[in-house]
Amino acid sequence: TNIDYNEQGLTGTVPTELGQFTEVRSLSLGNNQLTGAIPTEIGQMRKLTTGGSAGFFRNNKLTGTIPTELGMLGQMGEEFYLSSNLFSGA
């Protein structure tokens, strides 16, 4: 199962409910106008294997720190596309 909303003009925050989609293998929310923090619930999407061709959360307006729960997505390898956002912290 894939979720691909690349370049769809999405605004607002990333819903915490996204973590309930535990069977999703590809998630692409890149190139939108999403704001706020990445919800920690994303870590529940353990079957994710790719961020899709457009990237995981690349090129939005996300803020805050990158949640450590992303580390639970072991099948993602090195495909955490998070560039071109407004993240802070170490």
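As a starting point, this report considers the structure included with it. (Residues numbered from 1 in each chain as written. Predicted model: local features only at pLDDT ≥ 70, side-chain atom pairs only at ≥ 80, totals over all residues. Heavy atoms only, no water.)

Digging into the pairing of strand β5 (residues 61-64)
Bridge analysis of strand β4 (residues 33-36) against β5 gives two bridges, and the strand direction is parallel. Counted as the bridge partner of Gly-36 is Leu-62 from β5. (Pairing = 2+ DSSP bridges. Helix = DSSP H or I, 4+ residues; strand = E, 2+ residues; numbered from the N terminus.)

Looking at the sheet that holds β5
A sheet is described by the order of its strands in space; here four strands give the open sequence β2-β4-β5-β6, paired in parallel fashion. Lying at the two open borders of the sheet, with one neighbouring strand each, are β2 (11-13) and β6 (86-87). Across three bridges, β2 lies against β4 in parallel orientation. Bridge pairing links Thr-13 to Thr-35 in β4.

With respect to the environment of Thr-40
Take Thr-40: it is sitting in the loop between β4 and β5. Its relative accessible area of 39% is what places Thr-40 among the partly exposed residues. The sequence separation of Thr-40 and Leu-70 amounts to 30 residues, and the corresponding C-alpha distance is 7.7 Å. With residues near it in sequence (within four places) discarded, Thr-40 still touches Pro-67 and Glu-69. (Buried < 20%, exposed > 50% of the residue type's maximum accessible area, 1.4 Å probe, protein only. Contact = heavy atoms within 4.5 Å.)

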